[in-house]
Structure formats: C-alpha cells, structure tokens
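The primary structure of each chain is shown beneath.
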Amino acid sequence: MTDVMSTQGQFPGAAGESERTRRLRTLGLNEPSADEAFDRFAHLAASITRAPIAMVNFINDERQMFRGLYIPPNSSDTASDDGASWADRGIAFDLPTREMPLSHGFCPHVVAQRSPLALDDILAYPRFAGNPVVDELGVRAYLGAPLVDDTNTVIGTVCVLDREPRQWGRERLRDIQHLAEALLSEIRLRDTLLAQQQEMFAAFDGSPFPIMLTDGPGQEIRYANAQHAETFGAPVAYGTIGAAYPQLGAAGLQQAVAEAYHTGRTTVLGDVRIQSGRPDQRGQQIFSFTCTPMRTARTGQVNGVLTVGMDVTAQSRTEEELGTLAALLVDRLQQNGSAGRPGIVGESGMVLPG
C-alpha cells in the first residue's frame with residue numbers, strides 16, 4: 001500500500017531510519033509475509049542456477065525478510081546437477097519463519113557492498129565460515145546479487161544456497177545478476193501503482209467521513225484523510241490502530257480490521273463511543289465503522305483494509321447505509337484508476353501493488 005498520507009503530505013519516517021527502510025515501507029515490502037509473485041521468482045532462480053534453495057530477500061534496518069522463498073519438496077522429482085534428488089542428499093533446510101536477523105547469512109554483505117557475492121565453499125573463507133547459518137542451517141555455498149532500484153537504493157537481494165560446496169562459475173554469477181535485474185520490473189510496477197494511488201487518494205481528502213487505510217497483518221496505518229485526523233487525531237507514522245488510537249483499539253476497531261484482513265470479508269463495528277476531543281462538541285460521539293478488505297490485482301490476496309467511519313451520534317444511520325457509503329468510495333477509486341491502468345481489482349476496486 002502507500003505511505004501514511006494526510007492533507008499535509010507524507011509523514012516522515014522514524015528518526016534514524018535508513019533510506020532503504022523508507023523505500024521498503026513505501027513499496028509495501030517492509031514485513032516478512034509470503035508473496036506469491038516473489039515465491040515464483042525464487043523458484044525460477046533455483047531452477048536456472050540448479051540450486052536447492054532460493055530467496056528474494058528484502059533487508060531493512062533490523063532484519064531480513066524473505067518475501068520470496070523456494071525450498072525443494074522432499075521428493076525425487078527435484079534433482080541436483082549430479083542426478084541425485086535433494087531428498088537423497090539429505091537436504092532439510094529448516095527455516096520456520098520468513099525472517100532472519102542481520103547477523104545471519106550473507107545477504108547483508110551483498111547489500112553493504114552493493115555487489116554480487118559468490119562463495120563456492122564458505123568454509124574456505126575465514127571471514128564467512130563462522131556465520132551462524134553454517135552451523136545452524138548447514139549452508140556451505142552462497143550466490144547472491146543486489147537489488148538496486150531506480151532510486152539507486154539497494155533494497156535487498158536475489159540469492160541461492162546449497163548445503164554442499166558448489167562451483168558457481170561465471171555463468172551462474174551472470175544468471176543471478178540477470179535475475180536481479182529482471183526482478184526490478186516488479187519493483188517498477190509497484191512504484192507505478194503507488195503513484196496512481198496517490199492521485200486517487202485526493203478523492204478521499206475532502207470527504208466528510210473519517211477514512212483510513214491499513215496495510216498487512218501488522219495493520220500499519222498507511223493513510224488517513226483530513227476528517228479522520230481531525231476527529232481522532234493525526235496517526236503516528238506506520239503505527240498500529242491500537243498504538244495510534246487507544247480509544248478505537250479498546251472499542252474493538254483493531255479486532256474488526258484484523259477480522260476483515262484474515263477472513264477477506266467486510267466487517268462492521270457499530271456503537272463505538274468515543275470521548276470527543278473537538279472544541280465544538282462535548283461528551284461522547286457514537287461511530288459506526290465499515291472495514292473492507294483490499295486485494296492485490298494479480299493474485300487476489302488480501303493486502304490491506306479500507307476503514308470508513310460515520311458519526312451516528314445525532315443521526316439514525318443504518319449499517320446498510322454505512323456499507324453503501326464504503327462501497328461508493330471503493331467504486332470511486334476504481335473509476336478514477338481503472339481506465340487503461342494495470343492492477344485494478346474488480347471485486348474491491350482498490351489498486352494495491354502485487
């Protein structure tokens with residue numbers, strides 16, 4: 001999704017945050033959830049290089065995130081260069097999550113040096129032989145190339161691994177560099193879709209209803225219009241609903257957004273009583289919220305949630321009316337961005353980078 005926006009423009013990143021982390025946030029790549037497009041690319045990297053393990057790895061200031069990952073199945077249909085299956089060779093790459101600290105592995109070195117790295121036998125390189133992945137995961141060979149985007153920022157790597165020494169050679173090195181260059185087309189597409197989103201968000205800025213967009217399973221707030229900021233306060237950059245808006249979190253909005261994200265169905269939260277902070281109002285305001293899941297264009301995977309609020313303190317509004325309003329806003333997004341543009345989802349009407 002897009003960065004947190006308001007009528008005042010984009011909120012700055014956290015203090016001391018690197019340009020790489022800011023770019024990953026902007027591109028919606030700053031968390032380690034699986035991405036089908038990147039998984040397919042990792043599988044392609046493994047096939048081309050004849051390596052058993054491959055990753056599309058994005059690296060922020062705190063961790064490595066394997067948005068793309070390929071590990072061979074435990075079957076005889078995946079074979080190495082010598083004809084033996086990976087199962088026959090005892091390949092069992094235990095990676096319980098799609099993230100890893102910066103101290104592990106060799107991708108952080110590729111990012112820091114902005115250049116490819118080929119390690120035929122890691123134990124032959126004293127600088128790398130003591131890396132935790134050697135003992136913990138049994139990695140013995142590594143080949144990786146940096147992902148340098150159009151802003152000249154190194155945002156991660158494409159890499160392949162083996163649990164036995166490998167002679168990668170010039171051909172495999174050239175292959176991994178070409179794969180990294182090819183993957184940049186996916187990053188450019190995300191940039192294009194994000195620019196389109198910024199144009200469409202202008203339609204929300206003048207809305208009299210509080211509107212908010214959250215991204216990913218972590219529910220990071222990516223956008224809040226002027227009415228939302230005026231009613232509930234300006235959101236903390238990349239904060240969660242519970243952290244940025246304790247009243248809304250305590251009232252159940254965070255759970256409602258999570259339900260919409262995980263089930264893929266619209267949820268409605270009514271009778272939310274908020275102590276008014278506006279000088280022209282006293283006492284409590286009563287709100288209803290509709291939380292609509294947003295999906296990526298190509299895979300249909302839920303990638304965020306659009307939340308629309310309605311003040312029903314002095315009005316007899318129904319859930320049906322609020323749902324109709326949310327649907328109209330989503331339709332408006334679709335009409336503003338669909339003509340001749342890639343990535344529009346018919347079901348949700350929201351453009352999100354895939």
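The present account deals with the structure reproduced in this document. All of these numbers come straight from a predicted model, not from anything done at the bench. All residue numbers refer to position in the chain's written sequence, counted from 1. Given that the model is predicted, a residue must reach a pLDDT of at least 70 before its local features are reported, and side-chain atom pairs must reach 80 or more before they are shown or counted; all residues, however, enter totals for whole chains, interfaces and linings. Note that water and hydrogens are dropped before the side-chain values are worked out from all heavy atoms of the structure.

Regarding the overall build of the chain
Phase 1: Helix and strand counts for the chain come out as 11 helices and 13 strands.
Phase 2: Counting all 354 residues of the chain, 53% fall into the buried class.
Phase 3: Total accessible area computed for the chain in this model is approximately 15300 Å², and 48% of it derives from carbon and sulfur atoms. Only DSSP runs of H or I reaching four residues or more are called helices, and only runs of E reaching two or more are called strands; each is numbered from the N terminus. Relative accessibility decides the category of a residue: with a 1.4 Å probe and only protein chains considered, values under 20% of the type maximum give buried, values over 50% give exposed, and everything between is partly exposed. With residues, only the protein chains shown are counted as cover, and all accessible areas are computed by Shrake-Rupley using a 1.4 Å probe.

Here's the deal with the sheet that holds strand β5 (residues 99-101)
Where strands meet in a sheet, backbone hydrogen bonds hold them as pairs that are either parallel or antiparallel.
Phase 1: Paired strands are those between which DSSP finds at least two bridges. Ordered in space as β5-β4-β3-β8-β7-β6, the six strands form an open sheet in which the pairing is antiparallel. Looking at the sheet topology across the chains shown, the edges are occupied by β5 and β6 (117-119). Across the sheet, the mean angle from the axis of one strand to that of its neighbour is 25°, orientation sign disregarded.
Phase 2: Sheet analysis places strand β3 (residues 53-59) next to strand β8 (residues 154-162), joined by six bridges and oriented antiparallel. Axis angles are defined between N-to-C directions and span 0 to 180 degrees, where every axis is a line fitted to C-alpha atoms and, for a helix, only to the segment in contact.

As for the sheet that holds strand β9 (residues 211-215)
Phase 1: Read across the sheet, five strands follow the order β10-β9-β13-β12-β11 without closing on themselves; strand pairing throughout is antiparallel. Each end of this open sheet is capped by a strand with a single partner; those strands are β10 (220-224) and β11 (267-275). Looking at each pair of strands side by side, their axes are set apart by 30° on average, direction ignored.
Phase 2: Sheet analysis places β9 next to strand β13 (residues 302-311), joined by five bridges and oriented antiparallel. By the bridge assignment, Thr-214 is partnered in β13 with Val-305.
Phase 3: It only takes one pair of heavy atoms within 4.5 Å for two residues to be counted as in contact. Along the sheet, helix α10 (residues 253-263) contacts β9, β11, β12 (284-295) and β13; its crossing angle with β13, the most-contacted strand, is approximately 140°.

Structural notes on the side chain of Asp-175
Phase 1: Looking at where Asp-175 falls in the secondary structure, it is placed in helix α6 (residues 169-205).
Phase 2: Among the residues examined, Asp-175 registers a relative accessible area of 17% and is labelled buried.
Phase 3: Beyond its immediate sequence surroundings of up to four residues, Asp-175 is in contact with Ile-48 and Thr-49.

Quick word on the pattern of salt bridges
Phase 1: Basic side-chain nitrogens of Lys or Arg form a salt bridge, by our definition, when they fall within 4 Å of a carboxyl oxygen of Asp or Glu. Tallied over the entire structure, the rule returns 14 salt bridges.
Phase 2: Residue Glu-99 pairs with Arg-63 through a salt bridge whose shortest N-O separation is 2.9 Å. Of the two residues, Glu-99 is situated in strand β5 and Arg-63 in strand β4 (residues 63-70); the sequence distance between them amounts to 36 residues.
Phase 3: Residue class for Glu-99 comes out partly exposed when judged on its relative accessible area of 33%.

Examining the state of the cysteines
What is meant by a disulfide is a covalent connection between two cysteines, made through their sulfur atoms.
Phase 1: Cysteine sulfur atoms that come within 2.5 Å of each other are treated as a disulfide pair. Under the counting rule described, the total for this entry stands at zero disulfides.
Phase 2: Cys-159 provides the cysteine sulfur closest to Cys-107, a residue in no disulfide bond, and the two sulfurs are 3.7 Å apart.
Phase 3: Here Cys-107 falls in the buried class, since its relative accessible area comes to 3%.

Here we look at the packing of aromatic side chains
Phase 1: Here the aromatic set is Phe, Tyr and Trp, taking the six-membered ring for Trp, and pairing holds for ring centres within 6.5 Å; pairs whose planes are under 30 degrees apart are stacked, those over 60 apart are edge-to-face, and all others are tilted. Per the counting criterion, the structure on display carries seven aromatic pairs.
Phase 2: Among the aromatic side chains, those forming a connected cluster through ring pairs are Phe-232, Tyr-245, Phe-287 and Phe-289.

Thoughts on the pairing of β9
Phase 1: Burial runs high along β9: five of the five residues are buried.
Phase 2: Of the two faces of β9, the one holding Ile-211, Leu-213 and Asp-215 and the one holding Met-212 and Thr-214 are both buried throughout.
Phase 3: Pairing between β9 and β10: four bridges, direction antiparallel. From the neighbouring strand, Asp-215 faces β10, where its bridge partner is Glu-220.
Phase 4: Hairpin connection between β9 and β10: a loop of four residues separates the two successive antiparallel strands, and Gly-216 in this loop has a positive phi of roughly 70°.

Considering unusual backbone geometry
Phase 1: Even without a glycine there, the phi angle at Arg-50 is positive, about 60°.
Phase 2: Mapped onto the elements of the fold, Arg-50 is located in the loop between α2 (36-49) and β3.
Phase 3: The class for Arg-50 is partly exposed, based on a relative accessible area of 34%.
Phase 4: Despite not being glycine, Asp-271 has its phi angle at roughly 55°, a positive value.
Phase 5: Within the element layout of this structure, Asp-271 appears in strand β11.
Phase 6: Judged by relative accessible area, Asp-271 falls into the partly exposed class, the value being 49%.

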